[in-house]
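Structural characterization, general
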Amino acid sequence: MRGVLKYAPWAVVVIMAFWSLFPRQNLNNAGQQEAQLAFHWDQPKLLDNQYPQPIYQGNWDFDFSPIENQLSKLPMDTQQHIQLDEATLISLEKTFERLPEKADTPTLQRIDYLISKSLPSPAGEEFAQLMQSYRSYHKAQQELDVLIEDSKRLESARKKLKASIDIQNQHFGATTAEQLFKQRRLLSEYLLNRRGILE
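Residues numbered from 1 in each chain as written. Predicted model: local features only at pLDDT ≥ 70, side-chain atom pairs only at ≥ 80, totals over all residues. Heavy atoms only, no water.

Remark: helix H7 (residues 154-172) packs on helix H8 (residues 174-198), axes separated minimally by 10 Å, with the N-to-C direction vectors making an angle of 175°. If you check the angle between H7 and H8, you find them roughly antiparallel. In contact with Leu-154, Ala-157, Arg-158, Leu-161, Ile-165, Gln-168, Asn-169 and Phe-172 of H7, H8 contributes Ala-174, Thr-176, Ala-177, Leu-180, Phe-181, Arg-185, Ser-188, Glu-189, Leu-192, Asn-193, Arg-195 and Gly-196. Looking at the contact of H7 with H8 residue by residue, the class counts come to ten nonpolar, six polar and four charged. (Axes fitted to C-alpha atoms, helices over the stretch in contact; angles between N-to-C directions. Helix = DSSP H or I, 4+ residues; strand = E, 2+ residues; numbered from the N terminus. Parallel < 35°, antiparallel > 145°, perpendicular 65-115°, else oblique. Contact = heavy atoms within 4.5 Å. Nonpolar A, V, L, I, M, F, W, Y, C, P; charged D, E, K, R; others polar.)

On to the pattern of salt bridges, then. Within this structure, the stated rule accounts for seven salt bridges. Between Glu-93 and Arg-184 there is a salt bridge; the shortest N-O distance is 2.5 Å. One end of the pair, Glu-93, is in helix H4 (residues 86-97); the other, Arg-184, is in helix H8, and 91 residues separate them in sequence. Here Arg-185 and Glu-178 are joined by a salt bridge, their closest N and O atoms 3.0 Å apart. Residue class for Arg-185 comes out buried when judged on its relative accessible area of 11%. Taking relative accessible area as the criterion, Glu-178 reaches 37% and is therefore assigned partly exposed. A single salt-bridge network, built from bridges that share partners, covers Glu-86, Glu-93 and Arg-184. (Salt bridge = Lys/Arg side-chain N within 4 Å of Asp/Glu carboxyl O. Buried < 20%, exposed > 50% of the residue type's maximum accessible area, 1.4 Å probe, protein only.)

Glancing now at the environment of Leu-119. Tracing the sequence through the fold places Leu-119 in the loop between helix H5 (105-118) and helix H6 (123-147). In sequence terms Leu-119 and Leu-71 are 48 residues apart; their C-alpha atoms lie 7.4 Å from each other.

Turning our eyes to something else, we now look at the packing of aromatic side chains. Tallying each qualifying case throughout the model produces five aromatic pairs. Each ring, one from Phe-172 and one from Phe-181, has its centre 5.8 Å from the other, and the planes form 65°; the classification is edge-to-face. We note that Phe-172, like Phe-181, is buried. Put simply, the rings of Phe-96, Tyr-134, Tyr-137, Phe-172 and Phe-181 touch in pairs and so form one group of aromatic residues. (Phe/Tyr/Trp six-rings, centres within 6.5 Å; stacked < 30°, edge-to-face > 60°.)

So, on to the nonpolar core. Formed by 28 residues in total, the largest nonpolar core has its most connected members in Ile-67, Leu-71, Leu-92, Ile-115, Phe-127 and Phe-172. Among the elements of the structure, helix H3 (65-71), H4, H5, H6, H7 and H8 are those that each provide at least two residues to this core. Sorting elements by how many residues they give to this core places H6 first, with nine residues. Those residues in contact with Leu-71 that sit more than four places away from it in its chain are Phe-64, Ile-115, Ser-118, Leu-119 and Phe-127. One finds Leu-154, Ala-157, Leu-161 and Ile-165 within the second-largest nonpolar core, a separate group that totals five residues. (Core = buried A, V, L, I, M, F, W, Y, C linked by side-chain atoms within 4.5 Å.)

All right, on to the packing of H4 against H8 then. Between H4 and H8, the least distance of the axes is 7 Å, while the angle of their chain directions is 100°. As judged from the angle between their axes, H4 and H8 are roughly perpendicular. Two secondary-structure elements touch here, H4 through Glu-86, Thr-88, Leu-89, Ile-90, Leu-92 and Glu-93 and H8 through Leu-180, Phe-181, Gln-183 and Arg-184. For the contact of H4 with H8, the class distribution of residues is five nonpolar, two polar and three charged.

With glycine set apart, most residues show a phi of negative sign, and most peptide bonds adopt trans. Looking along the chain, the bond that leaves Ser-121 and enters Pro-122 is cis, with omega of 5°. The residue Pro-122 is located in the loop between H5 and H6 in this model. Despite not being glycine, Gln-80 has its phi angle at roughly 65°, a positive value. By the element assignment, Gln-80 lies in the loop between H3 and H4. With relative accessibility at 31%, the residue Gln-80 sits in the partly exposed group.

Structural measurements only, silent on function.
Structure follows, in structure tokens:
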């Protein structure tokens, strides 16, 4: 028994030396792979039609909470549909302002998906679709503003208003655009008519 105890410390040293031969890098890699699998997200097949290009899977530093807070103020009817009016248009504008600058398509698709899940159905899907339309509308409106600058001439102002209405109808559809922009269209028409009388 004493002979066994005599060699016990050496046995410990041999075991530790043997263990040190194993590459720690492999263990670290295994841990990293396990972490990646834990955070990996595969797009459900039912989303493929709506998002042919898979929703962004990587990490991002975009804070979605301000948009989520804005969505909580959206007006909905008793059937959980979005009410198409000035209040919803303002929500679209404020949501757009909170989007990350120069966001790529996968990032925007991820935001659209989060929007669709942040509201009860069908309101979530409806507002996500409106947001897609608003992004394309906003870009077209900016291009129009460059082509037709604000002018003191009444004729140019009427021309720009008509072009803006055409863009609204093109990107939202005539019926939806009429509901969203109704108040602004009426105000613009009133101001132009009043301007025409005064001139």
